[in-house]
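Descriptive structure summary
Given next are the chains, with one letter for each unit.
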Amino acid sequence: MSAHAHSTARRALRVVALPLVAMALVFTGLTVTAPAAEAASPRIEKIRKAMRIAVAQKGDPYRYGAAGPNAFDCSGLIYYSYRKAGFRNVPRTSDSQAAKFRGIPKRKVRRGDFVYFHRGGDVYHVGIFAGRRAGNKYVLHAPYGSKRVSRERIWTNSWFAGSLR
């Protein structure tokens, strides 16, 4: 067989074989995934852990000045979750947290980043960015009064984002 004919035969085999392999995987329930682009850094893993810890607090009551483990105010939820995940430099109050952590553009906010709500120049509330759905942005936070730690749609445009990334 000539080199040209051999090359043509290999190409034809690929065209037929790859779809057959894909169908076989579908029918057997096996999946093939591409290798991960890059393993997450230790810092990213700590942010993910903090988010899991914060999510586990859903349903806990709000209490002014509380930083867990069974009740929280807004900044106390962040203080508790991120310190428990291994971040030792987390300040206790929302103003201090806003001043300490790097500001990022709203369009770049990712799950686990911070959402600071403000009136004028004063931060009055903080939560953890919990993701997007149907064009809305969500925050995990300890609201106020008789409310409990919950995930809620962001209700205002008067906020800015901060990150530990």
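Residues numbered from 1 in each chain as written. Predicted model: local features only at pLDDT ≥ 70, side-chain atom pairs only at ≥ 80, totals over all residues. Heavy atoms only, no water.

A word on the overall build of the protein
When helices and strands are counted, the protein shows 4 helices and 6 strands. The buried share of the protein, reckoned over its 165 residues, is 35%. For the protein, the proportion of contacts with a sequence separation of at least 24, taken over those separated by at least 6, is 51%. Carbon and sulfur atoms make up 56% of the accessible area of the protein, which totals about 10300 Å². (Helix = DSSP H or I, 4+ residues; strand = E, 2+ residues; numbered from the N terminus. Buried < 20%, exposed > 50% of the residue type's maximum accessible area, 1.4 Å probe, protein only. Contact = heavy atoms within 4.5 Å. Areas by Shrake-Rupley, 256 points an atom, 1.4 Å probe, with all protein chains shown as cover.)

Concerning the packing of aromatic side chains
Here the structure, examined in full by the defined rule, presents 8 aromatic pairs. For the ring pair Y82 and F114, a centre distance of 4.9 Å and an interplane angle of 65 degrees mean the geometry is edge-to-face. Of this pair, Y82 sits in helix α3 (residues 74-84) while F114 sits in strand β2 (residues 114-119), and the two are 32 residues apart along the sequence. Taking relative accessible area as the criterion, Y82 reaches 0% and is therefore assigned buried. Ring centres of F117 and W155 lie 4.3 Å apart, and the angle between their planes is 10 degrees; this geometry places the pair in the stacked category. One end of the pair, F117, is in strand β2; the other, W155, is in the loop between β5 (150-153) and β6 (159-163), and 38 residues separate them in sequence. For F117, a relative accessible area of 0% translates into the label buried. Its relative accessible area of 39% is what places W155 among the partly exposed residues. (Phe/Tyr/Trp six-rings, centres within 6.5 Å; stacked < 30°, edge-to-face > 60°.)

Comments concerning the pattern of salt bridges
All told, the structure shown has 3 salt bridges when counted by the stated rule. A salt bridge links E45 to R48; its shortest N-O distance comes to 2.9 Å. Taken together, the residues E45 and R48, both in helix α2 (residues 42-55) and 3 residues apart, mark about one turn of the helix. Relative accessible area serves as the criterion here: at 37%, E45 is assigned to the partly exposed category. Residues R165 and D113 are paired through a salt bridge, measuring 3.1 Å at the closest nitrogen-oxygen approach. On the criterion of sequence distance, the pair formed by R165 in the segment after β6 and D113 in the loop between β1 (102-104) and β2 is long-range, its members being 52 residues apart. (Salt bridge = Lys/Arg side-chain N within 4 Å of Asp/Glu carboxyl O.)

Digging into the pairing of strand β4 (residues 136-141)
Pairing of strand β3 (residues 122-133) with β4, which is carried by 5 bridges, proceeds in the antiparallel orientation. Counted as the bridge partner of I128 is L140 from β4. Connecting the antiparallel pair β3 and β4 is a turn made up of 2 residues, with A134 showing a positive phi of about 55 degrees. With 4 bridges joining them, β4 and β5 adopt antiparallel strand pairing. By the bridge assignment, Y138 is partnered in β5 with R153. (Pairing = 2+ DSSP bridges.)

Describing the side chain of D113
On the basis of relative accessible area, D113 is assigned to the buried category, the value being 1%. Within polar-contact distance, the side chain of D113 engages the side chain of S163 at 2.8 Å. For D113, the contacting residues outside a window of four places in its chain are I104, K108, G127, I128, F129, G162, S163 and R165. (Polar contact = N/O pair within 3.5 Å; in protein donor to acceptor, adjacent residues only side chain to side chain.)

A closer look at the side chain of S163
The topology assignment puts S163 in strand β6. S163 gets classed as buried once you look at its relative accessible area, which sits at 4%. When sequence neighbours within four positions are dropped, the list of residues in contact with S163 reads F101, R102, I104, D113 and F114.

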